[in-house]
Each structure stands twice: as C-alpha cells, then as structure tokens.
Amino acid sequence: MTDRELEWSRGDRAKAAAKLMVGWVALLWLLEVVDVASGHALDGLGITPRTASELVDVVPAAFIHFGFAHVAANSVPLLVMGFLAALGGIRRFLAVCALIIVADGLGVWLIAPAHTNTAGASGLIFGLFGYLLVTGFVQRRPLGVLVGLLVGAVWGTSILVGLAPTQSGVSWQGHLLGLVAGVATAFLFKRRTGRGVVQV
C-alpha cells in the first residue's frame, strides 16, 4: 500500500467514525424530543433493578435520557470519546460498545438501589473512557497511550466526581460498572497477530 493509499484509508476511517458518532448523538436528541412529545413515555425504558421484565431494557436504557440537560451533558464526551475509539475500526468499536452497554446494564440491574430507574449514555461514556485510557498500554501502541493520557487529562476529574456515591440522582453504580467494563473490554479486544490468530 502506498503512502497516498494509506492516507486515504486513514481519512476514510476518520470520516466514517465522525459520521457514526454525529448520527449516534443526533439519535439521542431525537429520542429525547420524542420522549418529551409523548409525555415522557420513553422514560419507562430505563432499568428498574431486579425485576425480570426489565432485562429487556438493558440496551435501550443507554439511549434514553431524563431531559435535554441530561442529553446535553452526555453529548460532547460521547461524541469525542466515541470518535477516538471508532478510529480503531467501526466493527471493533460497535462490538466494544455492545459489550460495555450490556455489561453495564446487567450490573445496574443487579446492584442498583431498589425502586430506581436508571437510564442514559453515561455508563457507555465511562466505559469508553476506561477503554481509551488503557487500550494503548494493552496494545503497546505509543499513539494509543498518548490518546489515553489526553483523555485522562481532559475528563479524569469529571470521571472521579461521577464515581462519588454522594451525588443525588446520579447512578454512581452505572458509572463504576461502565468504567470497569471498558477496561475489561480493552483487554478482551487486545489485538493479537501470529499463526492461527486473527486480528479483531
């Protein structure tokens, strides 16, 4: 592959990542518009813990928010961290997101306080933060390490605050579980090369 072809490949990958994340965030805003217009009918897609029927909401809960301020707070970090993670490949990124969302949602279902309703993209955001923070070290890629350090510098304080159990109305459990899931996913999706081993 020539340098020009490589640059086009990187450029196409960046464009695909950007389009995906802009579309993802736009979907969150659209869903909140529908929620408000329907008298908050979509709020029921949040996760109520330890109720068997609520297991079907594990994935939808990551796309539902409680008001426009909630969506706004999640939009920028999801857009930026999602874009950075998606640069590693769209299929890989979607698999990473799926694992984080499912693991975080199931964890919330198991340990969140009774009679609560948990929803929002913050569990995924914390997961992407954990993924980006360690994946460069796991894969031994200097650029990935640099990205992880930059993400940590920009959002590290906010992440620590989000893990504090003293905040009213905030699911620190969902944040912590998302973070752990993201770190675990970085190890699970470690790229390996060699005979008989296929890259993800």
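Residues numbered from 1 in each chain as written. Predicted model: local features only at pLDDT ≥ 70, side-chain atom pairs only at ≥ 80, totals over all residues. Heavy atoms only, no water.

### What about the overall build of the protein chain?
Put simply, the rule is: Strands here mean DSSP runs of E at least two residues long; helices mean DSSP runs of H or I at least four residues long; both are numbered from the N terminus. The globule rule is 2.2 Å times the number of residues to the power 0.38, and the radius of gyration it is compared with is taken over C-alpha atoms. Relative accessibility decides the category of a residue: with a 1.4 Å probe and only protein chains considered, values under 20% of the type maximum give buried, values over 50% give exposed, and everything between is partly exposed. Contact definition: two residues touch when any of their heavy atoms are within 4.5 Å. Counting rule applied: Lys, Arg positive; Asp, Glu negative; His and chain ends not counted. Lysine's charge is taken at NZ, arginine's at CZ, aspartate's at CG and glutamate's at CD.
Tallying secondary structure elements over the protein chain gives six helices and zero strands in all. Counted from the first residue to the last, the protein chain has its helices and strands arranged as α-α-α-α-α-α. In summary, the protein chain has a C-alpha radius of gyration of 17 Å against a globular reference of 16 Å for 200 residues, a match within 12%. Taking the principal axes of its C-alpha atoms as reference, the protein chain extends roughly 55 × 35 × 30 Å. Here the protein chain, with 200 residues, has 42% of them falling under the buried criterion. Taking all contacts inside the protein chain whose residues are at least 6 apart in sequence as the whole, residues at least 24 apart take part in 77%. Taking the 14 positively charged and 10 negatively charged side chains of the protein chain as two groups, their mean positions are separated by 17 Å.

### Regarding the confidence of the model for the protein chain
Filter applied, for reference: Confidence of the prediction at every residue is given by pLDDT, a number between 0 and 100.
Confidence along the protein chain averages 91 in pLDDT terms, with 91% of residues attaining 70 or more. Of all helices and strands in the protein chain, the one with the weakest mean pLDDT is helix α1 (residues 3-37) (87), whereas helix α2 (residues 68-86) scores best (98). In this model, residues 193-200 is a region of pLDDT below 50 whose contacts with residues beyond four sequence positions or in other chains number eight contacts.

### Brief notes about the packing of α2 against helix α5 (residues 142-162)
To be explicit about the condition: Here an axis means a line fitted to C-alpha atoms, over the contact stretch when the element is a helix, while the angle between two N-to-C directions is reported on a 0 to 180 degree scale. Any angle between 65 and 115 degrees counts as roughly perpendicular, while under 35 counts as roughly parallel, over 145 as roughly antiparallel, and the rest as oblique.
Contact pair α2 / α5: the axes reach a minimum separation of 12 Å and the direction vectors enclose 170°. In terms of orientation, α2 and α5 fall into the roughly antiparallel class. Between α2 and α5, the residues in contact are Pro77, Val80, Met81 and Leu84 and Val147, Val151 and Trp155, respectively.

### Section: the side chain of Arg92
Quick reminder of the rule: Any Lys or Arg side-chain nitrogen located within 4 Å of an Asp or Glu carboxyl oxygen qualifies as a salt bridge. By the criterion applied in these results, polar contacts are pairs of N or O atoms within 3.5 Å in which, for protein atoms, one can donate a hydrogen and the other can accept it, and in which residues neighboring in sequence qualify only through two side-chain atoms.
Position of Arg92 relative to the elements: it lies in helix α3 (residues 90-111). For the buried Arg92, which has no salt bridge, the nearest side chain bearing the opposite charge is Asp12, at an N-O separation of 19 Å. A polar atom in the side chain of Arg92 sits 3.1 Å from the side chain of Tyr131. Of the polar contacts made by the side chain of Arg92, one reaches the backbone oxygen of Phe189; its length is 2.6 Å.

### Observations concerning the nonpolar core
Short version of the rule: Here, nonpolar core refers to any group of buried Ala, Val, Leu, Ile, Met, Phe, Trp, Tyr and Cys residues whose side-chain atoms link them within 4.5 Å.
Core analysis: the biggest nonpolar cluster contains 33 residues, and Trp24, Leu78, Met81, Phe93, Leu124 and Leu128 have the highest contact counts within it. Mapped by element, the contributors of at least two residues to this core are α1, α2, α3, α4 (122-139), α5 and α6 (172-188). Among the elements that line this core, the one with the most residues is α4, at nine residues. If near-sequence neighbours (up to four positions away) are discounted, Met81 is found in contact with Ile125, Leu128, Phe129, Leu132, Val151 and Trp155. Core analysis: the next-biggest nonpolar cluster, separate from the first, contains eight residues, Ile47, Ala61, Val108 and Ala112 among them.

### A closer look at the environment of Cys97
With respect to the helices, strands and loops of the structure, Cys97 is situated in helix α3. Residue class for Cys97 comes out buried when judged on its relative accessible area of 1%. Separated by 85 residues in the primary sequence, Cys97 and Gly182 place their C-alpha atoms 8.6 Å from one another. When neighbours within four sequence positions are excluded, Cys97 is seen to be in contact with Trp24, Leu124 and Leu128.

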